[in-house]
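Observations on the model geometry
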Amino acid sequence: IRLTVQVNVITNFFQLQEDYTTFSPDRYEDAEVLKSMKSDDEVEQKCELVRSKMKQVLRQAGYTKVTKEQTAMAIATKGKGGLLISQPDPGTYTISMYQRGIRKVTRQYSSWKTLWRQTDYEANAYVRIAYIFHHTWVSKGTIKAPRIYLRLLKDYDMADLDMLIPSCKVKLSIYDYLMILGPTLFGVASAIYHLAFGHLNFSNITSAATTLSLVVAPLYAGLEGYLSYKKKEKEYEQQKSVYMMYHLCDNNGGVLASMLEGASNQDANEALLAYWWACDGAEIPKQVPVLDLDNNIKAYLQGIIPYKVTFNTDEALRQLVKMGIAEIIDMEDGSTRVKVKGFSEVLDVFDTWDPNKSSMISWVPLTSSIMRT
């Protein structure tokens, strides 16, 4: 059952893997499909189809979409370990974020507030966060050139979601500006002070040298301030990259493969649970109300996992029906029941599998002999 479901899921999304190479940054130069498209609308439709299928895979893998409120909170606040971010023009990109699980994590940080000592703090973090980033630019005389970036990260702070947008820029804090502008303003104020009190003159070599130094000082202070500003910007961009790499699990094609594996495992687990609870170990299983089946499985899972559990009963039963080991029965009162085959009958179903009458893959009969052994 597990192997059949896993391969069915991967087979259903096989075309997605092929289509993604058209827009993947990793293989963008080999995208012959894109070159054959004649218009921007055709490219955009293809791109939207790929994105929608990716979102379907994420949902099947147990991910839920990050809410607008969570995103707004991240933009409005800065995590203690994060950076101030300037958001790019929203018209140049499309981003969809999906998360799986939230937990408390312990971090360390240091700043002038802690006298640069390492201090522990607790933060809310996503156990896994995946996002689809679609960026489009236009070259003169050519069609739009879209690329779809995929990222998968672990234990990522909720307050730093805004740092995930690839086109975002790091902003300097008020403290940074004070440290940069302080020496600059002091140099300029010193020159103005000496000029106002007539200290600038060229009556002798010493006075001329002093005057020149006072003239050059503000210019040097301004240049030093500009260089300090650019240096600080570069340091923050490097810090942002390091922060991303620390949490990064995979990129682009690797993320898609990981999501397909997660989706197939999720569906396989649901199918196994549905079969086990519908069978209940009986040689000749009885009919079970689908609603009772759903409630029993959720109660069982919530007894193990201290979180709210969702279970896609319809999809799990659809997989079992597709294998020929379950039957859905519509009752006169409008309710629905399911009846599954006993374990020995399930083995017989796999043993007598006919590739001309079933959509199951050719090596499934091997699993029954392994199970018998």
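Here the structure is shown first, and the text comes after it.
The paragraphs below set out a description of the structure included in this document. The structure presented is a predicted model; accordingly, all values stated were derived computationally and were not measured.

1. Some details on the packing of helix α8 (residues 252-279) against helix α10 (residues 313-323)
At a closest axis distance of 8 Å, the pairing of α8 and α10 adopts a crossing angle of 80 degrees. Classified by the interaxial angle, the pair formed by α8 and α10 is roughly perpendicular. Note on element contacts: α10 touches α8 through Glu-315, Ala-316, Leu-317, Gln-319 and Leu-320, opposite Asp-267, Glu-270, Ala-271, Ala-274 and Tyr-275. Partitioned by chemical class, the residues of the contact of α8 with α10 number six nonpolar, one polar and three charged.

2. Comments concerning unusual backbone geometry
With phi around 45 degrees, Asn-252 is a residue other than glycine that occupies positive phi space. With respect to the secondary-structure elements, Asn-252 resides in helix α8. The backbone of Asp-280 sits at a positive phi, close to 60 degrees, despite the residue not being glycine. Of note, Asp-280 is situated in the loop between α8 and β8 (288-289).

3. Structural notes on the side chain of Lys-55
Its place among the elements puts Lys-55 in helix α4 (residues 40-60). As a buried residue without a salt bridge, Lys-55 has its nearest oppositely charged side chain in Glu-48, at a separation of 5.0 Å. Beyond its immediate chain neighbours, meaning those up to four positions away, Lys-55 contacts Ser-96, Tyr-98 and Ile-132.

4. Focus: the side chain of His-247
Checked against the element boundaries, His-247 lands in helix α7 (residues 205-247). Its relative accessible area of 3% is what places His-247 among the buried residues.

5. Thoughts on the pattern of salt bridges
Scanning all chains against the criterion turns up five salt bridges. Where Arg-318 meets Glu-315, a salt bridge forms, and the shortest distance between an N and an O atom there is 2.7 Å. Note that Arg-318 and Glu-315 are positioned in helix α10 at a spacing of three residues, about one turn of the helix.

6. Concerning the packing of aromatic side chains
Evaluated as defined, the whole model comprises two aromatic pairs. Judged by centre distance (5.9 Å) and plane angle (55 degrees), the rings of Phe-133 and Tyr-149 are tilted. With Phe-133 in strand β4 (residues 119-138) and Tyr-149 in strand β5 (residues 144-157), this pair connects stretches of sequence that are 16 residues apart. For the ring pair Trp-277 and Tyr-300, a centre distance of 5.5 Å and an interplane angle of 55 degrees mean the geometry is tilted. Here the residue Trp-277 occupies a position in helix α8, and Tyr-300 occupies one in helix α9 (residues 290-304), the gap between them amounting to 23 residues. In this structure Trp-277 comes out as partly exposed when scored by relative accessible area, which is 29%.

Calculation notes
Residues numbered from 1 in each chain as written. Predicted model: local features only at pLDDT ≥ 70, side-chain atom pairs only at ≥ 80, totals over all residues. Heavy atoms only, no water. Axes fitted to C-alpha atoms, helices over the stretch in contact; angles between N-to-C directions. Helix = DSSP H or I, 4+ residues; strand = E, 2+ residues; numbered from the N terminus. Parallel < 35°, antiparallel > 145°, perpendicular 65-115°, else oblique. Contact = heavy atoms within 4.5 Å. Nonpolar A, V, L, I, M, F, W, Y, C, P; charged D, E, K, R; others polar. Buried < 20%, exposed > 50% of the residue type's maximum accessible area, 1.4 Å probe, protein only. Lys, Arg positive; Asp, Glu negative; His and termini not counted. Salt bridge = Lys/Arg side-chain N within 4 Å of Asp/Glu carboxyl O. Phe/Tyr/Trp six-rings, centres within 6.5 Å; stacked < 30°, edge-to-face > 60°.

Read these as layout, nothing more, since geometry by itself doesn't imply function.
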